[in-house]
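Remarks on the overall topology
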Amino acid sequence: MTDRPQVKYPFEFDGRWVLRYHVPYTVEHDGRTHRVVATIFMQPSVHGRIQVNCEGRLIAEYDELVPGQIVEITGDSWRVAAVEYRTRIVLERVADNSAQKESQTRE
């Protein structure tokens, strides 16, 4: 047993979560283990992909990600802050009400 408190996103710092290229992240949510992996592409322009798996099944995939887009991972909204080729995707936590406003604006 560890003295550290258990947190949902153990790699989040000051509301930001840096997903390193091809590094799997483990997130515990609703009693299940989710794996989150980011991939970054160069063509036709720099963009990212985030895949979320649970129990060996793909449950969410966000492709062609660029800064400003919103993704949902285990029930939480994140804004893509940066995509750096073959390095990382930086996510910023989004307050629930601002994510709802943005999704209504896109409809």
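What counts and what doesn't
Residues numbered from 1 in each chain as written. Predicted model: local features only at pLDDT ≥ 70, side-chain atom pairs only at ≥ 80, totals over all residues. Heavy atoms only, no water. Pairing = 2+ DSSP bridges. Helix = DSSP H or I, 4+ residues; strand = E, 2+ residues; numbered from the N terminus. Patch = residues over 30% accessible without salt bridge, like charges linked within 9 Å, V, L, I, M, F, W, Y side chains within 5 Å. Areas by Shrake-Rupley, 256 points an atom, 1.4 Å probe, with all protein chains shown as cover. Salt bridge = Lys/Arg side-chain N within 4 Å of Asp/Glu carboxyl O. Buried < 20%, exposed > 50% of the residue type's maximum accessible area, 1.4 Å probe, protein only. Phe/Tyr/Trp six-rings, centres within 6.5 Å; stacked < 30°, edge-to-face > 60°.

The subject of this paragraph is the sheet that holds strand S1 (residues 12–13). The strand order across the open sheet built from 5 strands is S1-S2-S9-S8-S7, with neighbouring strands paired in antiparallel fashion. Both edges of this open sheet fall to S1 and strand S7 (70–73), since each of them pairs with a single strand only. One ladder, built from 4 bridges, connects S7 with strand S8 (residues 76–84); its direction is antiparallel. By the bridge assignment, glutamate 72 is partnered in S8 with serine 77.

Residues Met42, Val46 and Tyr85 make up a contiguous nonpolar surface patch of about 250 Å² in total accessible area. Locating valine 46 in the fold gives a position in the loop between strand S4 (32–41) and strand S5 (47–54). In this structure valine 46 comes out as partly exposed when scored by relative accessible area, which is 33%.

Apart from glycine, the bulk of residues carry a negative phi angle, and the bulk of peptide bonds sit in the trans form. Cis geometry marks the peptide bond from glutamine 43 to proline 44, where omega comes out at 0°. Following the sequence through the fold, proline 44 ends up in the loop between S4 and S5. Positive phi values are uncommon outside glycine, yet aspartate 14 reaches one of about 50°. When you line up the elements, aspartate 14 lands in the loop between S1 and strand S2 (16–20). Residue aspartate 14 is classed as exposed on the basis of its relative accessible area, which comes to 67%. Even without a glycine there, the phi angle at threonine 74 is positive, about 45°. Mapping threonine 74 onto the fold places it in the loop between S7 and S8.

Two aromatic rings are characterised by how far apart their centres lie and by the angle between their planes. Taken as a whole, this structure holds 5 aromatic pairs when the rule is applied. Seen in terms of ring centroids, tyrosine 9 and tryptophan 17 are 5.0 Å apart; in terms of plane orientation they differ by 50°. Their pairing is tilted. Of the two residues examined, tyrosine 9 and tryptophan 17, each falls in the buried class. Arranged with centres 5.1 Å apart and planes meeting at 85°, the rings of tyrosine 9 and tryptophan 78 form a pair that is edge-to-face. Of this pair, tyrosine 9 sits in the segment before S1 while tryptophan 78 sits in strand S8; the two residues are 69 residues apart in sequence, bridging distant segments of the chain. In textbook terms, an aromatic cluster arises when at least three aromatic residues are bridged by ring pairs, as seen for Tyr9, Phe11, Trp17, Tyr25 and Trp78.

All we've got here are geometric facts, nothing functional implied.
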